[in-house]
Amino acid sequence: MAARQERQRSGPLTAPELEAIFERGYAQSSRRFLANLWGGEADEAANLFGAMSESARVTDALERIGELSRSDRAIFAALSNAGGRARAENLRKELLLRGQGDVSDELRRLARHGVLVVLPSSGQSELELEQILDQQNFLQQELALTQALIDELDSRGITHSAAEVGAWDGEITNSRVESLQSLELNLLHLAAGLGQDVLRLNKSGAPNRRSLSRFITGLTRPAATDTHDLWLDIDTPTHANYIGFLLALVSELGLSTVIEDRGLVGQFGSAQEYFTAPDDRRGTRLVQVVQNLKGWSEGLSPSLQDGREQDDVLEAQLSQTRANGSVLIGARGYIFSVLRRANLNGWTPLEAVIELCGQLDRDYLPRVFANAGLSLQVNHYVRAFIVDLLFWIGAVELGEDSDGVELMRLTPDGQRLLDFSEAPEKPEQNGCLFIQPNFEAMVFLDAAPMEVLYRLYQIGERVNLADRVATFKLTAESVQRGYSTGMNAERAIALLDEHSHAPLADLIEFQLRDWERIWGRVTLWSSGMLIRHEDPDRLDTILGQVRHALRDKKLVVERIAAGAVFLDATPEAEDEILRQLERYGGLRIDYLGEIPPSLESVEGLVFAYEPMTVDFETVGILKKISEEVREECTPRRRVVALDPRMLTEYWPERTFAHIIDFLRPRVRGGLPSEQLLQLKARLLSPPRAKLLHAVVVVTLETREDAQLFGSTEHARACDALPISDVSFAIAQEHLDDTIETLERLGVQMTHL
Amino acid sequence: MTCREEDTVAARETLVVHRNISLMLCENPAVLEEILVELDLDELIHQRLGARAIVAPTQELVRLRDALHERGVYPRIIGEVFDPSDSDPALAEEE
């Protein structure tokens, strides 16, 4: 019996299936509603509804709707293209993507007219059609067309038409695409630079401009095709924005780390782990990091486009200490989820995708922006997400049609990153390198696995990039630097040999081994702690104590002389070492902090110091500005005399000021005034002094009286010398004249 | 005991800790001698300690490294290298 037949899962509705659904799945009220609609009795509704599979009845139904709107035609076409049935929400999304806008109301209207059949959910037996059409969850219902209706629509040229759905069809102009490999090459180039040098940070956390300009040399613009305009320019705001994005990715992929807010340095271990991982694992990790990006915000990108607050925005985007992107993690997850669920096949109008993201959950993005305190418009944000973030990671290709409508489509990398497809199997990649006798390695990027590029950065210096060919120069420095990061001659030779187009020349092999031999001869520790003690046995005891206390920590100890030992430890371990050494007292000299005074003032220009306790900076400068007084020197006390000629040679300008700056903090107990005067006399013109013998001092009662006295004819005539605010010194020979003048002026005098 | 003799005894008992020090350590004394012949370290603040080592304040590290590179010596570098030229006061306006 027809009513007992199982419902099909796909394809247009057949007449028996339609009757069965109606009989088993619809409530009485629904039957009555449809009967009224179709002009019959409720009891006959099953027959009437079943008759929908007859072409004559279908034509009647369509006529009741009236003239089909553009949206109606698109709905029929999309549903027909989907095989005759689809979930209402999927239809809505599909048509949003095709630029039809939100068709929820049209879907309801067509269902109310009975031309779209609302299918009861699995197990549902009493579907209240009128109610469900008014409810929000109507969009979760499956809708279907009958075969008769499809045939009728087909005869009218509506079904199976991509044009009706709004799918784009035509020629693409101005297409631009960035490849995932180009992004990874930029990340690798940046990470390699950070492995060799420190990117200095300003106090704000943004990179020091001069330092950054060194690091971005060799980074390519997204989607750059013109070899003359390939590189990033720090002064172009959109480029600076991209640089901020790269820095954030490098940091959050773990390829770099901020050290003490002063600079950004590479993380060798993490870089090796990332760049030597298989393509699919790197892709998965990249998408995770992009979605959770904290150090860069696509929400700030729209401000750059219209030039508002450009400097502040770039400062924030480049900052290595601000997490301005973290408030958008949820928004990114939402958009990724929408795109994963959308039917993004082929070119799609960009505005349609933006509208889809805004419409699918209308409240979500505004709520995220409000919670984050961002005054962002949804369409601006989604656009920045697509044309910046997704474009830069090589997930979308952008273009325009002949009418200038912006279009986008997922690239193969984008389909893989969004989990639409698996990574293609790559054939064995050999022969991507040409190693020339001048130690230049040319690598064909399209054929080179990322690991090969990473190893070339490890042992070489990229000197050229053009036409998808990168050239690396292998030099003594670059190869030995590679050896410092775990590479060795045998592995380097094996790598080059395996991927080289031709067998590796003997000369290259020989030189790689020779550089390895030389490399091990000198080691440079960048920063550590030097402990000195005159008594080697005592130093041994102290060292034993330190080693024991730090037995669980990484500590490198180099004995460099009987009384000197160098310690290389982490900053935390250094603090622990200092705590251990506190019990032994002694002297602390910090070359980036306080240097204790170490000079003893002997006399005149002569100073002494103890070689054991003096800091190296003081000794180094003394060597350049003084001569040893050999007869006064002992092994534990060195005596030097400042040499005016050497002083002026070392500090040709402002010599006296320099010597004062040098001596004042270094002389124990401060620099005596006598020595300062002596130095001045020797280095500058001798100070002058006026000595008055046998003087009379006239002291007035007030400053005002003194000023009046000082301006009298008598004071000028006898050359009265002001010695305070109220006193003058006058030569003895003018005593009588002075008394006479003061009497004449009516000044009451007291003689002392 | 004179004052100077007391000072000397005190110095002999003094433990001196230098922080933020860079160290260049050679494989053997001959290598250091060879480097010192080739290298002009006059402009650098440094101190030779023992037969194989030169120590210098960390501020001198970049100049020491560059001086070695200029002579074709590429040492194994342990730790991070900061370039003091990046903290040039001329760049203060960036801060």
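Residues numbered from 1 in each chain as written. Chains lettered and ligands numbered in written order. Predicted model: local features only at pLDDT ≥ 70, side-chain atom pairs only at ≥ 80, totals over all residues. Heavy atoms only, no water.

*Asks:* Tell me about the overall build of chain A, residues and numbers included.
*Replies:* When helices and strands are tallied, chain A shows 35 helices and 25 strands. Here chain A holds 752 residues, and 50% of them are scored as buried. Sequence separation of 24 or more characterises 65% of the internal contacts of chain A that already satisfy a separation of 6 or more. Accessible area for chain A stands at about 35,700 Å²; split by element, carbon and sulfur atoms hold 46% of it. (Helix = DSSP H or I, 4+ residues; strand = E, 2+ residues; numbered from the N terminus. Buried < 20%, exposed > 50% of the residue type's maximum accessible area, 1.4 Å probe, protein only. Contact = heavy atoms within 4.5 Å. Areas by Shrake-Rupley, 256 points an atom, 1.4 Å probe, with all protein chains shown as cover.)

*Asks:* Give a description of the overall build of chain B that names residues and reports values.
*Replies:* The helix and strand inventory of chain B stands at 3 helices and 4 strands. In chain B, buried positions account for 45% of the 95 residues. Total accessible area on chain B stands at roughly 4,700 Å², and carbon and sulfur atoms take up 48% of it.

*Asks:* How would you summarise the packing of aromatic side chains if you had to cite specific residues and measurements?
*Replies:* Taken as a whole and judged by the stated rule, the model has 20 aromatic pairs over all chains. Aromatic ring contacts, followed pair by pair, group Tyr-242, Phe-245, Trp-296 and Trp-392 of chain A into a single cluster. Sitting over the ring of Trp-519 of chain A, Arg-76 of chain B keeps its end group 4.8 Å from the ring centre. (Phe/Tyr/Trp six-rings, centres within 6.5 Å; stacked < 30°, edge-to-face > 60°. Lys NZ or Arg CZ within 6 Å of the ring centre and 35° of its normal.)

*Asks:* Could you give an account of the pairing of strand E13 (residues 461-466) of chain A, naming the residues involved and the relevant values?
*Replies:* All names here are of chain A. Judged from the 5 bridges that link them, E13 and strand E14 (residues 469-473) form a sheet pairing that is antiparallel. Across the sheet, Arg-462 pairs through a bridge with Phe-472, a residue of E14. In textbook terms, the turn of a hairpin is the stretch between consecutive antiparallel strands, and for E13 and E14 this stretch comprises 2 residues, one of which, Asp-467, has a positive phi near 50°. (Pairing = 2+ DSSP bridges.)

*Asks:* Lay out the sheet that holds strand E9 (residues 396-400) of chain A in plain terms, naming residues and giving numbers.
*Replies:* Note on sheets: strands pair through backbone hydrogen bonds, and any given pair is parallel or antiparallel. Residues and elements named next belong to chain A. Strand order in the open sheet made by the 4 strands is E4-E9-E10-E8, with antiparallel pairing throughout. The open sheet terminates on both sides in strands that have one partner only, identified here as strand E4 (173-177) and strand E8 (348-349). The sheet contact formed by E4 and E9 spans 3 bridges and is antiparallel. The partner of Thr-173 across the bridge, within E9, is Glu-400. Taken strand by strand, helix H21 (residues 378-392) contacts E4, E9 and strand E10 (406-410), and its axis lies near 120° from that of E9. (Axes fitted to C-alpha atoms, helices over the stretch in contact; angles between N-to-C directions.)

*Asks:* Quick one: what's the story with the pattern of salt bridges, residue by residue and with numbers?
*Replies:* Residue and element names in this part refer to chain A. The full count for this structure, using the stated rule, is 36 salt bridges over all chains. A salt bridge links Glu-451 to Arg-455, with the nearest nitrogen and oxygen atoms 3.7 Å apart. Of the two residues, Glu-451 and Arg-455 are both situated in helix H23 (residues 450-459); the distance of 4 residues between them amounts to about one turn of the helix. By relative accessible area, Glu-451 is classed as partly exposed at 34%. Arg-637 serves as the salt-bridge partner of Glu-600, at 2.9 Å between the closest nitrogen and oxygen. Taken together, the residues span a long stretch of sequence, with Glu-600 in strand E19 (residues 600-603) and Arg-637 in the loop between strand E21 (626-628) and strand E22 (638-642) at a distance of 37 residues. For Glu-600, a relative accessible area of 31% puts it in the partly exposed group. For Arg-637, a relative accessible area of 10% gives the class buried. Via salt bridges that share partners, Glu-89, Arg-92, Asp-102 and Arg-362 belong to a single interconnected network. (Salt bridge = Lys/Arg side-chain N within 4 Å of Asp/Glu carboxyl O.)

*Asks:* Tell me about helix H20 (residues 364-372) of chain A, and please be specific about residues and values.
*Replies:* Residues and elements named next belong to chain A. Listed as buried for H20 are Leu-365, Val-368 and Phe-369. Buried residues along H20 cover an arc of 95° about the axis, so they all sit on one side. Exposed residues pointing more than 90 degrees away from the buried face of H20 are listed as Ala-370 and Asn-371. In the core, the buried residues of H20 are packed alongside helix H18 (329-341), helix H19 (350-360) and H21. Downstream of H20 by one or two residues, Gly-373 has phi in the positive range, about 70°. (Arc of directions from axis to C-beta.)

*Asks:* Pulling in residues and values, what's your account of the confidence of the model for chain B?
*Replies:* Residues and elements named next belong to chain B. Mean pLDDT over chain B stands at 76; residues scoring 70 or higher make up 72%. Across chain B, strand E3 (residues 53-57) holds the top mean pLDDT of 95, while helix H1 (residues 3-13) sits lowest at 51. Taken as a whole, residues 88-95 scores under 50 in pLDDT and shows 12 contacts with residues more than four places along the chain or in a different chain. The ipTM for the predicted assembly is 0.86, set against a pTM of 0.63. (pLDDT = per-residue confidence, 0-100.)

*Asks:* I'd love a proper account of the side chain of Ser-598 of chain A, names of residues and values included.
*Replies:* Residue and element names in this part refer to chain A. Of note, Ser-598 is situated in the loop between strand E18 (587-590) and E19. Take Ser-598: its relative accessible area is 2%, and that puts it in the buried class. Setting aside anything within four residues of it in sequence, one finds Ser-598 in contact with Ala-608, Tyr-609, Val-614, Asp-615, Thr-618, Arg-666 and Arg-668.

*Asks:* Outline the sheet that holds strand E24 (residues 721-722) of chain A, supporting the account with residue identities and numerical values.
*Replies:* Residues and elements named next belong to chain A. Spatially, E23-E25-E24 is the arrangement adopted by the 3 strands of the open sheet, whose pairing is antiparallel. Two strands bound the open sheet, and with one partner strand each, they are strand E23 (695-699) and E24. For E23 and strand E25 (residues 727-731), the ladder comprises 5 bridges, and the chain directions are antiparallel. Looking at the pairing, Val-698 lines up with Phe-728 of E25.

*Asks:* A description of the interface of chain A and chain B should follow, citing residues and the corresponding values.
*Replies:* Of the residues lining the interface, 69 residues belong to chain A; the matching set on chain B comes to 60 residues. Carbon and sulfur atoms make up 56% of the area that chain A and chain B hide from each other, which totals about 6,300 Å². Salt-bridge contacts for Glu-34 of chain B lead to Arg-521 of chain A; the nearest nitrogen and oxygen are separated by 3.7 Å. On the surface where chain A and chain B come into contact, there are 22 residue pairs in polar contact (both at pLDDT 80 or more). Of the residues forming the side of chain A that touches chain B, the biggest block, 12 residues, is contributed by strand E15 (residues 522-533) of chain A. The residue inventory of the side of chain A that touches chain B, partitioned by class, reads 29 nonpolar, 16 polar and 24 charged. Across 4 bridges, E18 of chain A lies against strand E1 (residues 15-26) of chain B in parallel orientation. Bridging from a neighbouring strand, Ile-589 of chain A pairs with His-18 of chain B of E1 of chain B. (Buried area = accessible area lost by both parts, 1.4 Å probe. Polar contact = N/O pair within 3.5 Å; in protein donor to acceptor, adjacent residues only side chain to side chain. Nonpolar A, V, L, I, M, F, W, Y, C, P; charged D, E, K, R; others polar.)

*Asks:* Account for unusual backbone geometry, with residues named and values stated.
*Replies:* Not every positive phi belongs to a glycine, and Ala-694 of chain A is a case in point at roughly 50°. Note on placement: Ala-694 of chain A falls in the loop between helix H32 (673-683) and E23. Taking relative accessible area as the criterion, Ala-694 of chain A reaches 52% and is therefore assigned exposed. Of note, the phi angle at Asn-20 of chain B is positive, near 60°, even though the residue is not glycine. Topologically, Asn-20 of chain B is positioned in strand E1.

*Asks:* So, the packing of helix H11 (residues 180-196) of chain A against H23 of chain A: which residues are in play, and what are the values?
*Replies:* Residues and elements named next belong to chain A. Contact pair H11 / H23: the axes reach a minimum separation of 10 Å and the direction vectors enclose 25°. Compared by their axis directions, H11 and H23 come out roughly parallel. Helix-helix and strand crossings are classified by hand; for H11 and H23 the assignment is right-handed. In this structure, H11 uses Gln-181, Glu-184, Leu-185, Leu-188, His-189 and Ala-192 to contact H23, whose residues at the interface are Met-450, Leu-453, Tyr-454 and Tyr-457. (Parallel < 35°, antiparallel > 145°, perpendicular 65-115°, else oblique. Left-handed = near helix turned anticlockwise from the far one by under 90°.)

*Asks:* Please give an account of a nonpolar patch on the surface that cites residues and values.
*Replies:* Together, Leu-692, Val-695, Val-697, Leu-721 and Ile-723 of chain A give the surface a local cluster of nonpolar side chains, amounting to about 390 Å² of exposed area. Relative to the helices and strands, Val-697 of chain A is located in strand E23. (Patch = residues over 30% accessible without salt bridge, like charges linked within 9 Å, V, L, I, M, F, W, Y side chains within 5 Å.)

*Asks:* Could you give an account of the packing of helix H13 (residues 237-252) of chain A against helix H17 (residues 310-318) of chain A, naming the residues involved and the relevant values?
*Replies:* Residues and elements named next belong to chain A. Look at H13 against H17: their axes get within 8 Å of each other, and the N-to-C directions meet at 20°. Put simply, H13 runs roughly parallel to H17. Crossing of H13 over H17 shows left-handed handedness. Across the interface between the two elements, Pro-237, Ala-240, Asn-241, Ile-243, Gly-244 and Leu-247 of H13 pack against Gln-310, Leu-314, Gln-317 and Leu-318 of H17. Per-class residue counts for the contact of H13 with H17 are 6 nonpolar, 4 polar and no charged.

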